[in-house]
Amino acid sequence: MSLLLIVIGLIIILVILGIVIYSISIYNRFQTLKNGAEATLGQIRVALKKRLDMINQLVESVKSYASFEKETLTKITELRSSVLKANTTEDIQNIERESRNILGNILVAVENYPELKTSETVKELMNAIREIEDEIARHRYTYNNIVQEYNTKIDLFPSNIIANIFGFRKMDYLQFEEDIYERPKINF
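Residues numbered from 1 in each chain as written. Predicted model: local features only at pLDDT ≥ 70, side-chain atom pairs only at ≥ 80, totals over all residues. Heavy atoms only, no water.

**Q** It is not clear to me how the packing of aromatic side chains should be interpreted in this structure. Could you clarify?
**A** The description of an aromatic ring pair rests on the distance of the ring centres and on the angle between the ring planes. As enumerated under the stated definition, the model contains five aromatic pairs in all. Seen from their ring centres, Phe30 and Tyr150 are 5.6 Å apart, and the 85 degrees between their planes marks the pair as edge-to-face. Of this pair, Phe30 sits in helix α1 (residues 2–62) while Tyr150 sits in helix α5 (residues 120–155); the two residues are 120 residues apart in sequence, bridging distant segments of the chain. Residue classification places Phe30 among the buried residues on the basis of a relative accessible area of 0%. Aromatic pair Phe30 and Phe168: ring centres 4.7 Å apart, planes at 20 degrees, arrangement stacked. Of the two residues, Phe30 sits in helix α1 while Phe168 sits in the segment after α6 (159–166), which places them 138 residues apart along the sequence. Grouping residues by exposure puts Phe30 and Phe168 together as buried. Ring pairs connect the aromatic residues Tyr27, Phe30, Tyr150, Phe166 and Phe168, which therefore count as one cluster. (Phe/Tyr/Trp six-rings, centres within 6.5 Å; stacked < 30°, edge-to-face > 60°. Helix = DSSP H or I, 4+ residues; strand = E, 2+ residues; numbered from the N terminus. Buried < 20%, exposed > 50% of the residue type's maximum accessible area, 1.4 Å probe, protein only.)

These figures capture arrangement, not role.
Shown next, in the form of structure tokens:
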């Protein structure tokens with residue numbers, strides 16, 4: 001009889017220990033995904049800042065040909081300072097949209113001046129911007145994959161129990177206008 005109680009006690013302890021270890025592993029996976037998403041957002045912020053730096057250099061290169069309003073230069077400066085402060089996907093999406101609009105306006109100006117199309121400096125800046133566009137797209141893809149796994153774990157049993165206990169909430173996907181519209185053409 002006492003041997004049976006010891007066996008039952010050991011089984012109960014093993015089950016509880018298994019549940020605790022499983023819960024810890026799920027919690028750690030949530031934290032890993034959350035930290036990965038935050039790190040990827042940081043990489044997107046850095047890439048957006050690089051894009052704005054390149055846009056600023058492009059404006060400097062073409063402003064002798066095309067007149068840019070002081071507003072454009074001020075807006076670039078504001079966006080550059082706000083990009084590293086952006087904490088939410090909405091902030092980043094707004095910065096991306098505004099910088100894309102500025103870039104579009106600059107590309108229109110470049111198209112109107114054939115001398116600019118052949119300028120080596122402008123070509124190099126356009127290539128640098130194209131590379132940054134690709135970098136942003138890769139980081140966004142990585143971020144959205146991490147968020148998809150994170151959100152799926154929140155929806156699925158039994159990890160949804162751990163998510164509720166520790167207050168993990170769904171994260172927003174990062175969607176840029178290029179999902180709807182075509183990315184800016186930067187070809188010469």
